[in-house]
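Examining the three-dimensional arrangement
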Amino acid sequence: MAKVLLRDLNKTYDGVHAVKDVNLEIRDREFVVLVGPSGCGKTTTLRMVAGLEEISSGEISIDGRVVNDLAPMDRDIAMVFQNYALYPHMSVYDNMAFGLRMRKFDKPEVESRVRRSAEILGIQALLERKPRQLSGGQRQRVALGRAIVRNPRVFLFDEPLSNLDAALRVQMRVELKRLHDRLETTAIYVTHDQVEAMTLGDRVVVMKDGVVQQEGEPLELYGRPVNRFVASFIGSPAMNFAEVSIAEAGGALWAETGGLRVKVPPAKAEALRRHAGRHVVLGVRPEALRIAGGADSAEYAFDSVVEVVEPLGNEILLDVRAGANAMVARVDPATRVKVHEKVRLAFDPERLHFFDPGSGAAI
Amino acid sequence: MIEGAKWKKWLWFYLPMGMFILGLLFPFYWMAVTTVRPDRELYRPWNHPLYSPFWTTHPTFDHIKNLLQETLFDRWMWNTMLIALAATLISLLCGVIGGYALARLRFRWAGLLGTAIFVTYLVPQTLLFIPLADIIRDYHIGDTPWALILTYPTFLIPFCTWLMMGYFKTIPKELEECARIDGATRWQAMLYIVFPIAVPGILSAGIFAFTLSWNEFIYALVFLSSPEQKTVPVGVVSELIRGDVFFWGPLMAGALIGSIPVAIVYSFFVEYYVAGVTGSVKG
């Protein structure tokens, strides 16, 4: 159990500025997920916390103690790697016992700890096997077992699920969450998969180009993205974007583009008034769109043509075109629409987002 | 299997394969036949009524007896074994540590150093023995086993270093990182994790080094002079070819017996050897 503090953390190597001024406070027992596209600096940040990567500038402290110059072994952390990094020449038991033996635990203690961890993960039957005799999911469990057996202050996960097939990934995701609830150890988890980030994290940190874009609880990121990047990265299918111009007419603001004319909701009107006569980016999530009914105001509806229908069972995704704008709408599975058909879509005015076209920042 | 494919497999696979094996094994067969062929069949065979070039009807062990009793062959075997083992051990030790450093540590000029080591391997021994002879004279180790034990590593270390460097690069570095987080120092991670995994690579480097030193000729010829210090390749050639007289029987017996240790080493470690050269670590 520990608090991890990252202050003005920077990393440059070979002239690349991989991590830029990262400030992060990870509370005791918290599960924090770093997420972003590849090359965004999330893994480098994690490796700096682990002590595998030197810190160019800034400070990392665990429980108030600066660990910048501590060797990995002295930081009392455990890490699970993407390729599991099981020692191929050792049995599962020896793999799990290695860290304890290195730390000079006596034999009965090693034995009892390994057995207990194996029990938690349900791998008691595998203890005598070699890693090559295990399936992907089993290897993953052994890698987890090796981490929890030492009862470290912080868990570090580096894309631990990305080598598993889709079904197993979902299952292990749930198990990881359950494990964290049970062990209550501070955890930092790196992934490029936003679904993993949203489901696992108490808090999610979105990174891009070495810079933290936004940090917050999953639904906060989803509902109030601070910029266009976070808005497009979180959520699947991704948010729809359309470049619109803001015009004032009849005392209200209107967002217009070819084939699309919607009223700016009163809540946003104040902020958008400064942009009148200019272009902004309108963002609307697929689930904020629905087939318009009689009760829907014409101010928040538009006509479109269906281009692709993707029936997924629990929902239907409609790829539509409104003028020059391609959009995806997530609609009720009972909806009966065909390709090339015209549909009128309405959206929830509360769930419209506007972004500055230059900086991408939310308006 | 389709009928037509059968003869095709014979034609394109078994036939060339058979010819290849035949070509490779023929020198050994010739060595064995000559070893047991009596002298009267070896010299002026046209006088012999039942002469056949590819086998003999009167096998004899005279040549082997002659080799063991009339020459210092047992001494040469012992010398060769000692020198090959010592040179191999020294080269392996340096090669493994050097290969690890080149594969893993990030330091200035690491790439350049790796290339430089490789280039030294390319310097032909026929050039290198001249300056080396000078050094050996200065250190007064000429005509002792040390002359070879200390000079063989000049070509074995670059070779072992490169082979080990390649092998270490196939071992995921996460294994070491994980060990270091688990509480091992860099040395412990090397000792407990990397080296045990690298055993196939170390063995194949060792086999190669052993074979190269066992067969080495030119340094042994130049740096050793007294008959009792010689190694098998030099001893056999220098003592069994006198002037223009070739003692073919003992010569071939020496070659045959001399190749046995290498054959044994290979056959024992062939699986490691293949794994080492193809370099495969399964996680």
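Only a predicted model underlies this, so the values are computations on that prediction, with no experimental measurement involved.

1. Looking at the overall build of chain B
- For chain B, the helix and strand inventory stands at 14 helices and 2 strands.
- Computed over its C-alpha atoms, the radius of gyration of chain B comes to 24 Å, more than 25% above the 19 Å expected for a compact globule of 283 residues.
- Considered along the principal axes of its C-alpha atoms, chain B spans approximately 80 × 70 × 30 Å.
- Put simply, chain B has 283 residues, and 34% of those count as buried.
- Here the analysis covers contacts within chain B between residues at least 6 apart in sequence; of these, 77% occur between residues at least 24 apart.

2. Section: the nonpolar core
- Ranked by size, the top nonpolar core spans 145 residues in total, and within it Met 79, Leu 156 and Ile 188 of chain A carry the most contacts.
- Apart from the residues within four sequence positions on either side, Ile 188 of chain A is in contact with Val 4, Ile 26, Val 32, Leu 34, Leu 46, Val 49, Val 154 and Leu 156 of chain A.
- Counting residues in each nonpolar core, the second largest holds 11 residues, with Phe 73, Val 232, Leu 240 and Met 252 of chain B among its members.

3. A closer look at the domain arrangement of chain B
Residue and element names in this part refer to chain B.
- The domain boundaries assigned to chain B delineate domain 1 (2-60) and domain 2 (65-282).
- Between domain 1 and domain 2, the C-alpha centre-to-centre distance is 32 Å.
- Counting from both sides, the interface comprises 7 residues of domain 1 and, opposite them, 6 residues of domain 2.
- The set of elements that each furnish at least two residues to the side of domain 1 that touches domain 2 consists of α1 (3-36) and α2 (39-42).
- Looking at the side of domain 1 that touches domain 2, the element that brings in the most residues is α1, giving 4 residues.
- Grouping the constituent residues of the side of domain 1 that touches domain 2 by class yields 3 nonpolar, 2 polar and 2 charged.

4. Focus: the sheet that holds strand β4 (residues 57-62) of chain A
All names here are of chain A.
- One open sheet holds the 4 strands; their spatial order is β2-β1-β4-β5, and the pairing between them is antiparallel. Only two strands of the sheet have a single neighbouring strand rather than two, namely β2 (16-26) and β5 (65-66).
- Two strands pair when backbone bridges link them, and β4 and β5 are joined in this way by 2 bridges, in the antiparallel orientation. Along β5, the bridge assignment pairs Ser 61 with Val 66.
- Sheet contacts for helix α1 (residues 42-50): β1 (4-13), β2 and β4; angle to β1, the most-contacted strand, approximately 115°.

5. Looking at the pairing of β2 of chain A
Residues and elements named next belong to chain A.
- For β1 and β2, the ladder comprises 7 bridges, and the chain directions are antiparallel. The residue bridging Lys 11 from the neighbouring strand is Val 19, located in β2.
- Hairpin remark: β1 followed by β2, antiparallel, with 2 residues in the connecting loop; positive phi at Asp 14, about 50°.

6. What about the sheet that holds strand β19 (residues 342-347) of chain A?
All names here are of chain A.
- Spatial ordering of the open sheet is given by β15-β19-β16-β17-β18, a layout of 5 strands whose pairing is antiparallel. Single-partner strands in this sheet number two, and they are β15 (289-291) and β18 (325-331). Across the sheet, the axes of successive neighbouring strands diverge by a mean angle of 45°, strand direction being ignored.
- With 7 bridges joining them, strand β17 (residues 316-322) and β18 adopt antiparallel strand pairing. When the bridges of β18 are listed, Ile 316 appears paired with Val 331.

7. Some details on the pairing of strand β16 (residues 301-311) of chain A
All names here are of chain A.
- Pairing of β16 with β19 involves 5 bridges; the strand directions are antiparallel. In the strand pairing of β19, Ala 301 is matched with Ala 346.
- Judged from the 6 bridges that link them, β16 and β17 form a sheet pairing that is antiparallel. Each residue of the ladder has a partner; that of Val 309, found in β17, is Leu 318.
- A loop of 4 residues connects β16 with β17, the two strands running antiparallel in sequence, and Gly 313 in this loop sits at a positive phi of about 100°.

8. As for the interface of chain B and chain A
- If you look at the interface, chain B gives 17 residues, while chain A gives 21 residues.
- If one sorts the elements of the side of chain B that touches chain A by residue count, helix α9 (residues 173-182) of chain B sits on top with 7 residues.
- Here the residues of the side of chain B that touches chain A are counted per class, giving 9 nonpolar, 3 polar and 5 charged.

9. With respect to the confidence of the model for chain B
Residues and elements named next belong to chain B.
- Within chain B, residue pLDDT values average 87, and 95% of them lie at 70 or more.
- Mean pLDDT across the elements of chain B bottoms out in α2 (80) and peaks in helix α4 (residues 73-104) (94).
- Here the prediction assigns the complex a pTM of 0.81, and the interface score ipTM is 0.84.

10. Comments concerning the environment of Phe 129 of chain B
- Mapped onto the elements of the fold, Phe 129 of chain B is located in helix α6 (residues 125-138).
- Beyond its immediate sequence surroundings of up to four residues, Phe 129 of chain B is in contact with Ile 218, Tyr 219 and Val 222 of chain B.

11. What to know about α6 of chain B
- Taking 1.5 Å per residue as the helical rise, α6 of chain B with its 14 residues ought to reach 20 Å, and the 19 Å between its terminal C-alpha atoms agrees with that figure.
- Following α6 of chain B by one or two positions, His 140 of chain B has its phi on the positive side, about 55°.

12. So, unusual backbone geometry
All names here are of chain A.
- The step from Ser 236 to Pro 237 runs through a cis peptide bond, and the omega angle for that step is -5°.
- For Pro 237, the location among the structural elements is in the loop between α8 (228-233) and β11 (240-249).
- Although it is not a glycine, Arg 29 adopts a positive phi angle of roughly 70°.
- In this fold, Arg 29 is placed in the loop between β2 and β3 (31-35).

13. Some thoughts on the packing of helix α4 (residues 136-148) of chain A against helix α5 (residues 166-183) of chain A
All names here are of chain A.
- Viewed as axis vectors pointing N to C, α4 and α5 meet at an angle of 15°, and their least axial separation amounts to 11 Å. With respect to α5, the element α4 is oriented roughly parallel. In the crossing of α4 with α5, the sense of the turn from one axis to the other is right-handed. Between α4, through Gly 136, Gly 137, Gln 140 and Ile 148, and α5, the contact on the second element is made entirely by Leu 168, Met 172 and Leu 183.
- Its residues assigned to classes, the contact of α4 with α5 comprises 4 nonpolar, 3 polar and no charged.

14. Description of the confidence of the model for chain A
- The pLDDT averaged across chain A works out to 91; a share of 100% of its residues lies at or above 70.
- Of all the helices and strands in chain A, helix α9 (residues 266-272) of chain A carries the lowest mean pLDDT, 84, while β3 of chain A carries the highest, 95.

Here is what the cut-offs are and how they apply
Residues numbered from 1 in each chain as written. Chains lettered and ligands numbered in written order. Predicted model: local features only at pLDDT ≥ 70, side-chain atom pairs only at ≥ 80, totals over all residues. Helix = DSSP H or I, 4+ residues; strand = E, 2+ residues; numbered from the N terminus. Rg over C-alpha atoms; globule rule 2.2 N^0.38 Å. Buried ≥ 20, exposed ≤ 12 C-beta atoms within 10 Å, placed from the backbone. Contact = placed C-beta atoms within 7 Å. Core = buried A, V, L, I, M, F, W, Y, C linked by C-beta atoms within 7 Å. Domains from an automatic or database assignment. Nonpolar A, V, L, I, M, F, W, Y, C, P; charged D, E, K, R; others polar. Pairing = 2+ DSSP bridges. Axes fitted to C-alpha atoms, helices over the stretch in contact; angles between N-to-C directions. pLDDT = per-residue confidence, 0-100. Expected span 1.5 Å × (residues − 1). Parallel < 35°, antiparallel > 145°, perpendicular 65-115°, else oblique. Left-handed = near helix turned anticlockwise from the far one by under 90°.

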